[in-house]
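What the coordinates show
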Amino acid sequence: MAMMPNAPLRYVIGVVRFPKVPRMERCVEQFLDAVRSDYPLPDEIETQSFDATVGPDGMQVRQSKAHLWQFASPDKQFAFLLGEELFALHTNSYVDHLDFVKRFGFGLKNL
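Quick word on the overall build of the protein
Assigned secondary structure in the protein consists of 2 helices and 5 strands. N-terminal to C-terminal, the α/β element order of the protein is β-α-β-β-β-β-α. In terms of overall size, the protein is more extended than a compact globule, its C-alpha atoms giving a radius of gyration of 17 Å where 111 residues would be expected to give roughly 13 Å. Projected onto its principal axes, the C-alpha coordinates of the protein cover approximately 50 × 35 × 20 Å.

Right under this line is the structure:
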């Protein structure tokens, strides 16, 4: 595939979901140690989400919180996200799928 220096994609995210891992924080330091050479900037993020279910009793809304850890490259153009139920790579500097897949594979291998 050709390189796309002016790619039409401004933001790309790849996600792998898995069953909930209790106490994911136990894995964070080991993962950071494994990827630190390329993704040395750690950060913690608290997220909120809302789930709406419509049924015979009307709409039921449930709020939940999640904890994510982010590990960014020095230029902050690529970052891994790690949560209790997901692993992701996101970027605002997408050039081609080969680079993205290589980086994603690096993260998965170290996870």
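Right, picking up where we left off after that structure.
What to know about the nonpolar core
Of all hydrophobic cores here, the largest spans 17 residues; its most connected members are Phe31, Phe71 and Phe80. Within the residue set of this core, elements represented by two or more residues are helix H1 (25-35), strand E3 (58-72), strand E4 (78-83), strand E5 (86-91) and helix H2 (97-110). The element contributing the most residues to this core is H1, with 4 residues. Not counting residues within four places of it along the chain, the set of residues in contact with Phe80 comprises Phe31, Val35, Tyr39, Trp69, Gln70, Phe71, Phe87, Ala88, Leu89, Arg103, Phe106 and Gly107.

Here's the deal with the side chain of Gln70
You can see Gln70 is positioned in strand E3. A polar contact of 2.9 Å, which involves the side chain of Gln70, links it to the side chain of His90. Sequence-distant contacts of Gln70, defined by excluding residues within four places in its chain, comprise Leu41, Pro42, Asp43, Ile45, Ala79, Phe80, Leu81 and His90.

Notes on H2
For H2, spanning 14 residues, the distance from its first C-alpha to its last is 20 Å, which sits close to the expected 20 Å at 1.5 Å a residue. All buried positions along H2 are accounted for by Phe100, Phe104 and Gly107. Along H2, the residues classed as buried sweep out an arc of 60° about the axis, all on the same side. In H2, the exposed residues that point more than 90 degrees away from the buried face are Leu98, Val101, Lys102 and Lys109. Summarising the contacts, the buried residues of H2 are in contact with strand E1 (12-17), H1, E4 and E5. Two to three positions downstream of the cap, the backbone nitrogen of Leu98 sits 3.2 Å from a side-chain oxygen, assigning the N-cap of H2 to Asp96.

Basis of the calculations
- Residues numbered from 1 in each chain as written.
- Predicted model: local features only at pLDDT ≥ 70, side-chain atom pairs only at ≥ 80, totals over all residues.
- Heavy atoms only, no water.
- Helix = DSSP H or I, 4+ residues; strand = E, 2+ residues; numbered from the N terminus.
- Rg over C-alpha atoms; globule rule 2.2 N^0.38 Å.
- Core = buried A, V, L, I, M, F, W, Y, C linked by side-chain atoms within 4.5 Å.
- Buried < 20%, exposed > 50% of the residue type's maximum accessible area, 1.4 Å probe, protein only.
- Contact = heavy atoms within 4.5 Å.
- Polar contact = N/O pair within 3.5 Å; in protein donor to acceptor, adjacent residues only side chain to side chain.
- Expected span 1.5 Å × (residues − 1).
- Arc of directions from axis to C-beta.

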